[in-house]
2 protein chains.
Amino acid sequence: MYEGVVQDLIDELGRLPGVGPKSAQRIAFHILQSDPVDVRRLASALNEVKEKVRFCAVCGNVSESERCRVCLDARRDPTVICVVEEPKDVVAVERTREFRGRYHVLGGAISPIDGVGPDDLRIRELMTRLADGVVTELILATDPNLEGEATATYLARLLKPMGLRVTRLASGLPVGGDLEYADEVTLGRAFEGRRLLDV
Amino acid sequence: MYEGVVQDLIDELGRLPGVGPKSAQRIAFHILQSDPVDVRRLASALNEVKEKVRFCAVCGNVSESERCRVCLDARRDPTVICVVEEPKDVVAVERTREFRGRYHVLGGAISPIDGVGPDDLRIRELMTRLADGVVTELILATDPNLEGEATATYLARLLKPMGLRVTRLASGLPVGGDLEYADEVTLGRAFEGRRLLDV
């Protein structure tokens, strides 16, 4: 419908996740009217990411060097590993400032419907990291959904013979939430996991 | 929060219209996991658009040459001009295959709240096009909202002394819509503009 290069841009933008044909068109027209310097900056940010970013050889997190910042940081506790699905989960946990150990990024969760089995995740790399006996606790922080739970259960069974402390993040009411709006599964978990108030 | 170049990309993506911080993060991680060839293609589509696309010297539509495809097409009726706000409106009208005349893209609509007055639109260029007397009808196809109506009224008054046929697109019920869901203004317009059924 549009002349050559405009249509090319709309097509390319439409391949991005969450960008439908209408948004792609809107973004393309925004680009047409933007300062060329801004557009060049976006284009080079895209290229830079592909040139410079790789995955940490130890934990699988995104990194600009062989090892990521967390793995290189000697102050981080090497005896605890928090296992997450994706690099963005590392950022979410870091934001809490509660965790001072290391990470292991699986690269997804077990999901038979999407054809993702244990062999498609970085589980072998995790087992290698545990071989020297330094790690004493594994926190399974996969998502609290069907795939995440399945992955956590699979890992817990696999790790059982190694005698490690294997924990899972607590499920319960979100802080700042409303009890009446909690779904029944979450509320049920909140009951199960209730704590003694030590006042 | 992220390492340098990833955060740079998230920031750049977040400046696009309709892309919030969460979508920017999602797109950035999609880019990280994409084939480098695909990402280079997106980056060069962005650069190409800025290098090659300009605005037609006659009508203001997007174009890869001095004049756009419609203005260069000798089969298009030079006596009728359809006045629209944006280049994407040209595409919308072309899609109907109902219109065989030429276009004039204003580059927006009069909107005092956004500081857009008549001098910010390509109205002088429109008057220049009308000077030789070839054009006999102007179809005002600005958006059927406050700004579009104001722009149409402004143009109609400005053009009155020239003795042209000045028309406005019909307002009414959208085809395939439901009468009960039409807002009262649209339904009111549909009554006003009712046509005799010639059966």
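Remember, it's a predicted structure, so these values are computed and weren't measured experimentally.

Scoring rules and cut-offs
Residues numbered from 1 in each chain as written. Chains lettered and ligands numbered in written order. Predicted model: local features only at pLDDT ≥ 70, side-chain atom pairs only at ≥ 80, totals over all residues. Heavy atoms only, no water. Salt bridge = Lys/Arg side-chain N within 4 Å of Asp/Glu carboxyl O. Helix = DSSP H or I, 4+ residues; strand = E, 2+ residues; numbered from the N terminus. Buried < 20%, exposed > 50% of the residue type's maximum accessible area, 1.4 Å probe, protein only. Least-squares fit on C-alpha atoms with pLDDT ≥ 70 in both. Contact = heavy atoms within 4.5 Å. 1 Å grid on protein atoms, 1.4 Å probe; cavity = no way out; pocket = protein on both sides within 12 Å on 5 of 7 lines; lining within 4 Å. Points joined across faces, edges and corners; volume = space filled by probe spheres on them. Nonpolar A, V, L, I, M, F, W, Y, C, P; charged D, E, K, R; others polar. Arc of directions from axis to C-beta. Pairing = 2+ DSSP bridges. Right-handed = clockwise from strand over helix to strand, strands pointing away. Axes fitted to C-alpha atoms, helices over the stretch in contact; angles between N-to-C directions. UniProt positions renumbered as here; feature names shortened; annotations may be inferred. Buried area = accessible area lost by both parts, 1.4 Å probe. Polar contact = N/O pair within 3.5 Å; in protein donor to acceptor, adjacent residues only side chain to side chain.

Counted by the stated rule, this structure contains 20 salt bridges over all chains. Measuring nitrogen to oxygen at the nearest pair gives 3.3 Å for the salt bridge that ties glutamate 137 of chain B to arginine 165 of chain B. Of this pair, glutamate 137 of chain B sits in strand E5 (residues 137-140) while arginine 165 of chain B sits in strand E6 (residues 165-168), and the two are 28 residues apart along the sequence. Judged by its relative accessible area of 52%, arginine 165 of chain B is exposed. Taken together, the shared-partner salt bridges connect Glu12 and Arg15 of chain A together with Asp38 and Arg41 of chain B into one network.

Time to look at the relation of the copies chain A and chain B. Rotating chain A by 180° and moving it 0.1 Å along the rotation axis overlays it on chain B with an RMSD of 0.2 Å. Taken together, these values place the two copies in the relation of a two-fold axis. The C-alpha atom lying nearest the rotation axis in chain A is that of alanine 43 of chain A; the distance is 2.2 Å. Residue by residue, 100% of the interface of chain A is reproduced at the interface of chain B, so both copies engage with the same surface.

Attention shifts here to empty space enclosed by the protein. Summed over all chains, the structure comprises one cavity of 30 Å³ or more. The computed volume of the largest cavity comes to approximately 50 Å³. Taken together, Leu13, Leu16, Ile27, Ile31, Leu42 and Leu46 of chain A together with Leu13, Leu16, Leu42 and Leu46 of chain B form the lining of the largest cavity. Elements that contribute at least two residues to the lining of the largest cavity include exactly helix H2 (21-33) and helix H3 (36-52) of chain A together with helix H3 (36-52) of chain B. Looking at the lining of the largest cavity residue by residue, the class counts come to 10 nonpolar, no polar and no charged.

With that settled, the discussion passes to helix H1 (residues 4-14) of chain B. When H1 of chain B is considered as a whole, its buried residues turn out to be Val5, Val6, Leu9, Ile10, Glu12 and Leu13 of chain B. Taken down its axis, H1 of chain B places every buried residue within 165° of arc, on the same side. In this structure, the buried side of H1 of chain B is in contact with H3 of chain A together with helix H2 (21-33) of chain B.

All names here are of chain B. With four bridges joining them, E5 and E6 adopt parallel strand pairing. Across the sheet, the residue bridging to glutamate 137 is arginine 165, located in E6. In this region the chain leaves E5, passes through helix H7 (residues 146-159) and returns to the parallel neighbour E6; the handedness of that crossover is right-handed.

Residue and element names in this part refer to chain B. Within the open sheet, the four strands sit side by side as E4-E3-E5-E6. Their pairing is parallel. Of all strands in the sheet, those with a lone pairing partner are strand E4 (102-105) and E6, marking the two edges. Averaged over neighbouring strand pairs, the angle between their axes works out to 25° when direction is ignored. Where strand E3 (residues 80-84) meets E4, four bridges bridge the pair, whose relative direction is parallel. Within the sheet, the bridge partner assigned to valine 84 lies in E4 and is valine 105. Sitting on the sheet, helix H6 (residues 123-130) touches E3, E4 and E5, and the angle it makes with E4 is about 150°. Across the sheet, H7 touches E3, E5 and E6, and the angle it forms with E6 is around 170°.

All names here are of chain A. On the basis of which strands lie adjacent, the open sheet formed by four strands has the order E4-E3-E5-E6 and parallel pairing. With one partner strand each, in any of the chains shown, strand E4 (102-105) and strand E6 (165-168) form the two edges of the open sheet. Across the sheet, the axes of successive neighbouring strands diverge by a mean angle of 25°, strand direction being ignored. Across the sheet, helix H6 (residues 123-130) touches strand E3 (80-84), E4 and strand E5 (137-140), and the angle it forms with E4 is around 150°. Against the sheet, helix H7 (residues 146-159) engages E3, E5 and E6, with an angle of about 170° to E6.

Okay, the UniProt feature "domain: Toprim" (unreviewed entry) in chain A next. UniProt marks residues 79-174 of chain A with the feature "domain: Toprim" (unreviewed entry), using the numbering shown here. Helix makes up 33% of residues 79-174 of chain A and strand 18%, whereas the separation of the span's terminal C-alpha atoms amounts to 29 Å.

With that out of the way, let us pick up the layout of surface pockets. Taken as a whole, the largest pocket holds about 820 Å³ of empty space. If you trace the largest pocket, you find 26 residues lining it, with Thr142, Pro144, Leu169, Ala170 and Ser171 of chain B closest to the centre. Examining the composition of the lining of the largest pocket, we find that four residues originate from one element, helix H5 (residues 87-96) of chain B, more than from any other. Tallied by class, the residues present in the lining of the largest pocket amount to 14 nonpolar, six polar and six charged. Each pocket or cavity is described by its volume, and for the second largest pocket that value is around 700 Å³. Around the second largest pocket, the lining comprises 23 residues; the ones closest to its centre are Ala141, Thr142, Pro144, Leu169 and Ala170 of chain A. Elements with a minimum of two residues in the lining of the second largest pocket: helix H5 (87-96) and helix H8 (184-192) of chain A.

What follows is about the interface of chain A and chain B. The interface of chain A with chain B comprises 51 residues on the first partner and 51 residues on the second. Carbon and sulfur atoms make up 69% of the surface buried where chain A meets chain B, a total of about 5,000 Å² over both sides. For the interface between chain A and chain B, the tally reads two salt bridges. The salt bridge involving arginine 41 of chain A is made with glutamate 12 of chain B; its shortest N-O contact spans 2.9 Å. The interface formed by chain A and chain B contains 12 residue pairs in polar contact (both at pLDDT 80 or more). Its residues placed into classes, the side of chain A that touches chain B shows 26 nonpolar, eight polar and 17 charged.

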